[in-house]
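Summary of structural features
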Amino acid sequence: MSLAAGAVASSSTNMGLDGNENEGSAEKTGNLETETSHQEGGDDSSHKYKRQMSESSMDATDHDDEDDEEGNKIQLGPQCTLKEQLEKDKDDESLRKWKEQLLGTVDFENIGETLEPDVKILSLSIISPGRPDIVLSVPEDGKPEGIWFTLKEGSHYNLMFSFQVHNNIVSGLKYINTVWKTGVKVDSSKEMLGTFSPQPESYTHMMPEETTPSGMFARGSYSARSKFLDDDNKCYLEINYTFDIRKEWAAT
């Protein structure tokens, strides 16, 4: 996971770069000729060509990400409610205990009969050594107003989620984050959070440590989009927000 990438994205994913090797050398030659023709046209034409590619990269990558999510969609078996799962083989004592152990602190008296799990993201916390945690509440519409938070350049931090699961087991919950600076995509990351059973208490998940970039070109405002999806690519929350990287932390 990277909230900030700067000039060089440390955890960027190569999206859509693996072409079909059987397409032959003709296509490669055509691409080379096109690039050469722009170079021969002088600095102005080359700069214009690169600028057009940068402006279109954000939309193109968005489509690539969505296509990948659809293409990687796992075909699951027929769904059943959690109550139905618990009632299966209920006469088998060892299997019943195994299911109870697997499900953890489920309220077995009030699990309901809903097929679809419900996941609610409660908060995001930015944890950096030697300073108070930044706890961010998540708006229901996923659109925080203004600059959501500010990070200090060159600082170490972890992102921690707090969330609740209701109704049924959520399988393969994952977090996808994409970051842009001045309209150019600078980072894309995906983190598997896990599979969670419904329970009254909230879950927390700590992301791996990250380091914000530093330097003049790393400072400034960024826009980002975060998604929480499950194995069936059901999106429980999409957050669109902006944040800053500055020389110092924002005053508390």
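Refer to the structure presented above.
This section reports on the structure supplied with the text. Fair warning: this is a prediction, and the values are worked out from it, not measured in the lab. (Residues numbered from 1 in each chain as written. Predicted model: local features only at pLDDT ≥ 70, side-chain atom pairs only at ≥ 80, totals over all residues. Heavy atoms only, no water.)

1. Brief notes about the overall build of the chain
Across its full length, the chain holds four helices and ten strands. When the helices and strands of the chain are listed from N to C terminus, the series reads α-α-α-α-β-β-β-β-β-β-β-β-β-β. By the burial criterion, 38% of the 252 residues in the chain qualify as buried. A separation of at least 24 residues holds for 75% of the contacts in the chain among residues at least 6 apart in sequence. Surface summary for the chain: the accessible area is close to 15,100 Å², and the carbon and sulfur share equals 48%. (Helix = DSSP H or I, 4+ residues; strand = E, 2+ residues; numbered from the N terminus. Buried < 20%, exposed > 50% of the residue type's maximum accessible area, 1.4 Å probe, protein only. Contact = heavy atoms within 4.5 Å. Areas by Shrake-Rupley, 256 points an atom, 1.4 Å probe, with all protein chains shown as cover.)

2. What about the nonpolar core?
Generally speaking, a soluble globular protein has its nonpolar side chains buried in company with each other. Formed by 35 residues in total, the largest nonpolar core has its most connected members in Phe161 and Phe163. Only β1 (118-127), β2 (134-137), β3 (147-152), β4 (156-166), β5 (170-181), β6 (184-196), β9 (220-229) and β10 (235-246) provide two or more residues apiece to this core. The element best represented in this core is β10, accounting for six residues. Apart from residues no more than four positions distant in its own chain, phenylalanine 161 is found in contact with Ser123, Leu124, Tyr175, Leu193, Tyr203, Thr204, His205, Met207 and Phe228. (Core = buried A, V, L, I, M, F, W, Y, C linked by side-chain atoms within 4.5 Å.)

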